[in-house]
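Observations on the model geometry
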Amino acid sequence: MPRPNPTLFLTAIVAGLTAASANAKTVVFDFEDQEYGAVTPLTSTVDGLTATFASATDAEGFQITSAFYQTLTGNYLAGPGPDFVTGNTLTISFSQAVRSITLNFAVDTAPTLTLSTSARGGATATGIAPGGSFLYPEGVLSFAGPRFNSVTLSSDALSFAIDNINVTVPEPSAFALFGMGLVAAAALRRRATA
Amino acid sequence: MTLNTRSAAIVGALLAATAPTQALAWGHTGHVMVSRIAIQKLPAEVPDFVRTAQAAQQIGELGAEADVSKTTGLVTSGSYAGRDIRTTFAVHDGERDPGHYVDLNDDGTFLGTTAPIAAVPNAFVLPNFNSPGRRDYDSTLRLGSGTSVRVGNVTTVTTTSFYSNTQYFVGYLPFNIVDHAQQIRKDFAYIRAFTKAIATATTPDEKSFFQYQLGLRKTLTLRDIGYASHFIGDGSQPLHVSVHFNGWGPYPNPNNYTLAGIHGPFEGAYVKANVDFTAVAALVTDYVPTTLTFEERTVRYMKATLAQVEPMYQLPGAANVFSVADPASTAFAQVRLAAASTELRDIIVDAWRQSANVTVGFPLIKVSEIEAGTVLLTRDRFAGD
């Protein structure tokens, strides 16, 4: 019986992972498709991926606004909504699982923004005042890990704002290649042990 | 250096004809800066809806509103920068313009009078009026001046002398500040009352009614603070509280201070090009509780600004019409802007604190009684006919 070829086995796995990585696509939600003043819940569809933005604690907790921050450009989504309720959380739900998320944020009375995912894990980022024209902290919050379908954002600040939400979506073809890699690896292993 | 009454009136009349920049204020950049910083510096005791970043954005933009909506009383004509700017309709009445400034002599007396600003408001209480304010100030100017120019013989009265002894010439900035501060206090009183009324409403209709009222009042409050912030901002600009409002003018000038028009270049282009936002914010000190009334604190504010008139004329920038940046002039501008933010922040806090002790509705109801639960605010009591 031939011995399993470890190199070939590893190569099959790596090929699958590489293919999956190479074929993942990045989708950006920048709210430029939204009307100024629109309130949550609201949805946006970009490149086949739909994101729903909803406030967990208030029906109109966030609204589309503009022209205040340095890193949040054009339209962005900010709390509070028209009823002035502060301290809301924001949940973003995706129509299919994503692998990573990166977004720009700004906060007011506290510097941090926390993200938790529907899978496990999360991240917290601290904004810093960009200086020059204004003082509120702005920053970038990123998370990558097990695939997730939604994230919830929260802060100790009275309100926060987000923009330029980049999410990484595994392409179906990438899953297929990854699966093929696994099948090939399994076949090799079975042949080696038969 | 106070001129005698008649001389001051004549000088004032001459200055009025050549004072196109008097009613301007900090430029757009300065006003927005003053307002935004003040909101960011509010303590946590002030309601949340005033302290969010969105509130700072809105109030900041409204800080420039009194200038943005200008050309008061004018049907503009002619051209500007080669463009035809003739219009058909005026915007507002020119009566508003003097609300941006007050012409004080160096000793703190109002132009054309011997009445000191320290007397505001009590010295201006006329018989049978129990509410001191701009009405009585204007009446005092008209009655107390030494000139005889009144309605009189129309053929001998010029336009400038016609109003040279009125609030419309001397300016009424301190009364404007007090008036707007009082409105903020009233807004907060309604916030308190409606919040309690929602909690004590006995029917869904009653609760909905007050929820709407509360939302509307919050919108009005942000607007009122924003608009008020313009005039409070004006109050820290030394050239807005002095007879030397755009060059030293025809007054004794032993130090040879500039006669050039430094007003606009200082508060506009110089601030925009040289003042650092974070540096101004760093100069705003924490809120210090006070028992001063709005009237008293405004007098203090005006006097503090007036004391900076001569130091401003001593700046290196004054000699070059603020066309060249220098550290002393920049530092001066930053301190003045920070003084405005501090005053605005403090007025908002005082308004919130004092709002528990005013009345709302009609017939009048004390907010303290509503909050204590001794008087129930109902729809009928609030909107009684």
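About the cut-offs
- Residues numbered from 1 in each chain as written.
- Chains lettered and ligands numbered in written order.
- Predicted model: local features only at pLDDT ≥ 70, side-chain atom pairs only at ≥ 80, totals over all residues.
- Helix = DSSP H or I, 4+ residues; strand = E, 2+ residues; numbered from the N terminus.
- Buried ≥ 20, exposed ≤ 12 C-beta atoms within 10 Å, placed from the backbone.
- Contact = placed C-beta atoms within 7 Å.
- Core = buried A, V, L, I, M, F, W, Y, C linked by C-beta atoms within 7 Å.
- Nonpolar A, V, L, I, M, F, W, Y, C, P; charged D, E, K, R; others polar.
- pLDDT = per-residue confidence, 0-100.
- Pairing = 2+ DSSP bridges.
- Axes fitted to C-alpha atoms, helices over the stretch in contact; angles between N-to-C directions.
- Parallel < 35°, antiparallel > 145°, perpendicular 65-115°, else oblique.
- Left-handed = near helix turned anticlockwise from the far one by under 90°.

**Focus on the overall build of chain B**
A count of helices and strands for chain B gives 18 helices and 4 strands. Among the 385 residues that make up chain B, the fraction classed as buried is 45%. Intrachain contacts of chain B at a sequence separation of at least 6 include 73% that bridge at least 24 residues.

**Quick notes on the nonpolar core**
One finds L77(A), F105(A), A106(A), A161(A), I162(A), A193(B) and I348(B) to be the most contacted residues of the largest nonpolar core, which totals 128 residues. Looking at which element gives the most residues to this core, the answer is helix α9 (residues 173–200) of chain B, with 13 residues. Sequence-distant contacts of A193(B), defined by excluding residues within four places in its chain, comprise V360(B), V367(B), I370(B) and L377(B).

**Describing unusual backbone geometry**
All names here are of chain A. Residue P41 follows T40 across a cis peptide bond; omega there is 0°. Mapping P41 onto the fold places it in the loop between β1 (25–29) and β2 (42–46). We note that F84 has phi near 70°; this positive angle belongs to a residue other than glycine. Looking at F84, the number of C-beta atoms within 10 Å reads 22, which means it is buried. Of note, the phi angle at N164 is positive, near 50°, even though the residue is not glycine. Relative to the helices and strands, N164 is located in strand β10 (residues 160–169). Of the residues examined, N164 has 18 C-beta atoms within 10 Å and is grouped as partly exposed.

**Let's talk about the interface of chain B and chain A**
On the chain A side, the residues contacting the 14 residues of chain B number 18 residues. Elements represented by at least two residues in the side of chain B that touches chain A include exactly α2 (28–40), α3 (48–51), α4 (53–62), α10 (204–234) and α12 (277–282) of chain B. Classifying every residue of the side of chain B that touches chain A by side-chain character gives 4 nonpolar, 6 polar and 4 charged.

**Overview of the confidence of the model for chain B**
All names here are of chain B. Taken as a whole, chain B shows an average pLDDT of 85; of its residues, 82% reach a score of 70 or greater. Confidence over residues 1–23 falls short of pLDDT 50; this stretch has 48 contacts with residues more than four positions distant or in other chains. The low-confidence segment residues 145–161, where pLDDT is below 50, has 22 contacts with residues more than four positions distant or belonging to other chains. With a pTM of 0.84, the predicted complex shows an ipTM of 0.80.

**Section: the pairing of β2(A)**
All names here are of chain A. Across 5 bridges, the pairing between β2 and strand β3 (residues 49–55) is antiparallel. Its bridge partner lying in β3, T43 is registered against T52. The turn linking β2 back onto β3 is made up of 2 residues, and D47 within it adopts a positive phi angle of 50°.

**With respect to the packing of α4(B) against α10(B)**
Residues and elements named next belong to chain B. Between α4 and α10, the least distance of the axes is 7 Å, while the angle of their chain directions is 45°. Overall, the two elements α4 and α10 adopt an arrangement that is oblique. The handedness of the crossing between α4 and α10 is right-handed. Two secondary-structure elements touch here, α4 through A55, Q58, I59 and L62 and α10 through L222, R223, I225, G226, Y227 and S229. Within the contact of α4 with α10, the residues separate by chemical class into 6 nonpolar, 3 polar and 1 charged.

**Observations concerning the pairing of β10(A)**
Residue and element names in this part refer to chain A. With 7 of 10 residues buried, β10 is to be regarded as a mostly interior element. Of the pairings in the sheet, the one linking β1 to β10 comprises 5 bridges and is antiparallel in character. Each bridged residue has a counterpart across the sheet, and for T26 the counterpart in β10 is T168. Of the strand pairs in this sheet, strand β5 (residues 75–78) and β10 are connected by 2 bridges, and their pairing is antiparallel. Residue pairing for β10: A78 is matched across the bridge by A161. Direction of pairing for strand β6 (residues 90–107) relative to β10: antiparallel, over a ladder of 7 bridges. Residue pairing for β10: T102 is matched across the bridge by N166.

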